[in-house]
Amino acid sequence: MEERDYDRQLRIQTTGMREWQHQSSHYNRYEATPYEALNVFFTEYELTTTDSVVDFGCGKGRLAFYLHDRFQVSITGIEMSGQLYQEALENQASYMRKAKRKNGTIRFEHCLAEQYGVEEGDNRFYFFNPFSLQVFTKVVQSILQSVEQHPRSVDVILYYPTSEYIEFLDMRTPFELIKGVTIPGSYEENNNEIFLVFRL
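Definitions and limits used
- Residues numbered from 1 in each chain as written.
- Predicted model: local features only at pLDDT ≥ 70, side-chain atom pairs only at ≥ 80, totals over all residues.
- Heavy atoms only, no water.
- Pairing = 2+ DSSP bridges.
- Helix = DSSP H or I, 4+ residues; strand = E, 2+ residues; numbered from the N terminus.
- Axes fitted to C-alpha atoms, helices over the stretch in contact; angles between N-to-C directions.
- Contact = heavy atoms within 4.5 Å.
- Expected span 1.5 Å × (residues − 1).
- Buried < 20%, exposed > 50% of the residue type's maximum accessible area, 1.4 Å probe, protein only.
- Polar contact = N/O pair within 3.5 Å; in protein donor to acceptor, adjacent residues only side chain to side chain.
- Parallel < 35°, antiparallel > 145°, perpendicular 65-115°, else oblique.
- Left-handed = near helix turned anticlockwise from the far one by under 90°.
- Nonpolar A, V, L, I, M, F, W, Y, C, P; charged D, E, K, R; others polar.
- Patch = residues over 30% accessible without salt bridge, like charges linked within 9 Å, V, L, I, M, F, W, Y side chains within 5 Å.
- Areas by Shrake-Rupley, 256 points an atom, 1.4 Å probe, with all protein chains shown as cover.
- Salt bridge = Lys/Arg side-chain N within 4 Å of Asp/Glu carboxyl O.
- Lys, Arg positive; Asp, Glu negative; His and termini not counted.
- Charge placed at Lys NZ, Arg CZ, Asp CG, Glu CD.

Asker: Whenever I open this one, the sheet that holds strand β4 (residues 74–79) confuses me. Can you help?
Answerer: What links the strands of a sheet is backbone hydrogen bonding, and the strands pair in either a parallel or an antiparallel sense. Pairing within the open sheet is mixed, and its 7 strands lie in the order β5-β4-β3-β6-β7-β9-β8. Each end of this open sheet is capped by a strand with a single partner; those strands are β5 (106–110) and β8 (176–182). Each strand of the sheet is rotated relative to its neighbour by a mean of 20°, with strand direction disregarded. Sheet analysis places β4 next to β5, joined by 5 bridges and oriented parallel. Across the sheet, residue Glu79 finds its bridge partner in β5, namely His110. Contacts between helix α2 (residues 35–44) and the sheet are confined to β6 (124–127), β7 (155–159), β8 and β9 (194–199), with β8 contributing the most and set at about 130° to the helix. Sheet strands touched by helix α5 (residues 133–149): β3 (52–56), β6 and β7. Its angle to β6, the strand with the most contacts, is close to 175°.

Structure, rendered in structure tokens:
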């Protein structure tokens, strides 16, 4: 099924890419995780209705609507771009007309990732290579501080991970790699086309 067909099913518009007008060395362009990749990963990695997911660099909200529709989890999307944040809210209004009876909540916050206050219930954190290692480090430190205050098991999910992200989690945090899911088919030549799950 085409990306636009998946979007149509969810009543959202998330296709396409967006470069930033004022390019920053810390924040990468907008590009949603492909639906086919999500289908493969979330066949191998289950969520429950008690999970609370945070998507850093959520863009137009594709992951939020996909996960809410599939697992009825609560999800928070963090987006620094005012324009993408507005588009996520428009998608939410359209999606909720279809999904009003589902459990779980969807909310979006317009802020820098490092400014997000990790909440006590947040336990799954998703990153599609949204920003530099410096920003990633600050976000992971916020997650660790939250776990210290409210002990719980948390997972960091990386899609298309950089070697810097992997090395940082591996060498400088208590997170441990528990799962890797490679996307088969047309993505095989690219060994970055993988999901990694680190657990604390």
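Asker: Explain helix α4 (residues 82–99) to me, please; I cannot follow it from the model alone.
Answerer: An α-helical segment advances 3.6 residues per turn. Residues three or four places apart therefore align on the same side. Spanning 18 residues, α4 covers 25 Å between terminal C-alpha atoms, matching the ideal 26 Å at 1.5 Å per step. Among all positions in α4, only Leu84, Tyr85, Glu87, Ala88, Asn91, Gln92, Ser94, Tyr95 and Ala99 are buried.

Asker: For this particular structure, what's the right way to read the environment of Arg107?
Answerer: Residue placement: Arg107 occurs in strand β5. Considered as a pair, Arg107 and Gly61 are 46 residues apart in the sequence and their alpha carbons are 9.5 Å apart. Polar contacts involving the side chain of Arg107 include one to the side chain of Thr76, which spans 3.3 Å.

Asker: What is the right way to look at the packing of helix α3 (residues 62–71) against α4 in this model?
Answerer: It is at 10 Å that the axes of α3 and α4 come closest, and there the two elements cross at 15°. In this view, α3 runs roughly parallel relative to α4, as classed from their interaxial angle. You can see that α3 and α4 cross each other, and the crossing is right-handed. Across from Phe65, His68 and Asp69 in α3, the residues of α4 making contact are Ala88, Asn91, Gln92, Tyr95, Lys98 and Ala99. Classifying every residue of the contact of α3 with α4 gives 4 nonpolar, 3 polar and 2 charged.

Asker: Would you explain the environment of Leu177 in this entry?
Answerer: Positionally, Leu177 belongs in strand β8. Measuring from C-alpha to C-alpha, the distance between Leu177 and Arg199 comes to 6.4 Å, with 22 residues separating the pair along the chain. The residues contacting Leu177, other than those within four sequence positions of it, are Leu196, Val197 and Phe198.

Asker: Quick question: what am I supposed to make of a positive patch on the surface here?
Answerer: Judged by side-chain charge, Arg11, Arg97, Lys100 and Arg101 come together as a positively charged surface patch. Secondary-structure assignment places Arg97 in helix α4. A relative accessible area of 55% places Arg97 in the exposed class.

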